[in-house]
Amino acid sequence: MTTLNTETYPKLIRDFFLFDNSVSDGSAHRPVTLPFDYDPSGLLAEAEQLPYDDRPVRRCYVWGPTGQEDPGCDLLSSTAREYTAQIDLERYPRIKQFIDSLNNIGPITYLTFKRMEPKGYIMPHVDSECNPYKIYVPLSWPAGSMFKMFGQGNVDFTGLKPNLINTSDHIHAVVNDSEESRIIFSFYADWSSAGWQKYLNR
């Protein structure tokens, strides 16, 4: 049970975290280990400098379909076959190296960084128009940050471990009930590729 401040968060958010005391059975989210080393603190230092937009949860669109405006996610209706950087990655060598390492496993189709300010939140929702699976990689996760999936408990980001999450089949919400900014990035992959299939089938 998590009690959130009534003056800060809408009732729907408060109730979502207060009354759903579920635990994960592993079907909606689970930790994954990527097959290469990376430095979260180095990635975070570059992520702090990215050109975020001005939405309540600030986003920076980094990788996606070639020649298209930001589709918001890896859309189920997408017919894209080529994917490229959407910003100048030469300015962010650690992020570029991470993306290159991902693409060595198999193609990634969409990647965004998200910065949530203190006391920020995302209302309960499902990503119904998007590829069901994506991997989230936290770079900062201050105490009080929570990613809750209805009926499946909180996603375990302790130790900044990545998680494979099914966001299109499960209602989920996020809060940053702390005094620090929280930065995370997520990516979709071509799950039909041999390298990425291994992650779905584990």
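Refer to the structure presented above.
The present account deals with the structure reproduced in this document.

Thresholds applied
Residues numbered from 1 in each chain as written. Predicted model: local features only at pLDDT ≥ 70, side-chain atom pairs only at ≥ 80, totals over all residues. Heavy atoms only, no water. 1 Å grid on protein atoms, 1.4 Å probe; cavity = no way out; pocket = protein on both sides within 12 Å on 5 of 7 lines; lining within 4 Å. Points joined across faces, edges and corners; volume = space filled by probe spheres on them. Helix = DSSP H or I, 4+ residues; strand = E, 2+ residues; numbered from the N terminus. Nonpolar A, V, L, I, M, F, W, Y, C, P; charged D, E, K, R; others polar. Patch = residues over 30% accessible without salt bridge, like charges linked within 9 Å, V, L, I, M, F, W, Y side chains within 5 Å. Areas by Shrake-Rupley, 256 points an atom, 1.4 Å probe, with all protein chains shown as cover. Salt bridge = Lys/Arg side-chain N within 4 Å of Asp/Glu carboxyl O. Buried < 20%, exposed > 50% of the residue type's maximum accessible area, 1.4 Å probe, protein only. Pairing = 2+ DSSP bridges.

### Notes on the layout of surface pockets
Argument step 1. By volume, the largest pocket is sized at about 360 Å³.
Argument step 2. Taken together, 22 residues make up the lining of the largest pocket; nearest its centre are Arg59, Lys114, Ile122, His125 and Lys134.
Argument step 3. Listed by contribution, the elements that provide at least two residues to the lining of the largest pocket are strand S2 (57–65), strand S4 (108–116), strand S5 (121–125), strand S6 (133–138), strand S10 (172–176) and strand S11 (182–189).
Argument step 4. The greatest single-element share of the lining of the largest pocket, amounting to four residues, is contributed by S11.
Argument step 5. Residue composition of the lining of the largest pocket, by class: 11 nonpolar, five polar and six charged.
Argument step 6. What the second largest pocket holds in volume is close to 180 Å³.
Argument step 7. For the lining of the second largest pocket, the class distribution of residues is seven nonpolar, three polar and three charged.

### A word on a nonpolar patch on the surface
Argument step 1. Taken together, the side chains of Leu12, Tyr121 and Met123 make up a nonpolar region of the molecular surface, amounting to roughly 250 Å² of accessible area.
Argument step 2. Note on placement: Leu12 falls in helix H1 (residues 11–19).
Argument step 3. Here Leu12 falls in the partly exposed class, since its relative accessible area comes to 46%.

### As for the pairing of S4
Argument step 1. For S4, the tally of buried residues reaches nine of nine residues, placing the bulk of the element in the interior.
Argument step 2. Note: S2 against S4, six bridges, orientation antiparallel. Within the sheet, the bridge partner assigned to Tyr61 lies in S4 and is Thr112.
Argument step 3. The pairing of S4 with S11 spans eight bridges and is antiparallel. Its bridge partner being in S11, Tyr110 is matched across the sheet by Tyr188.

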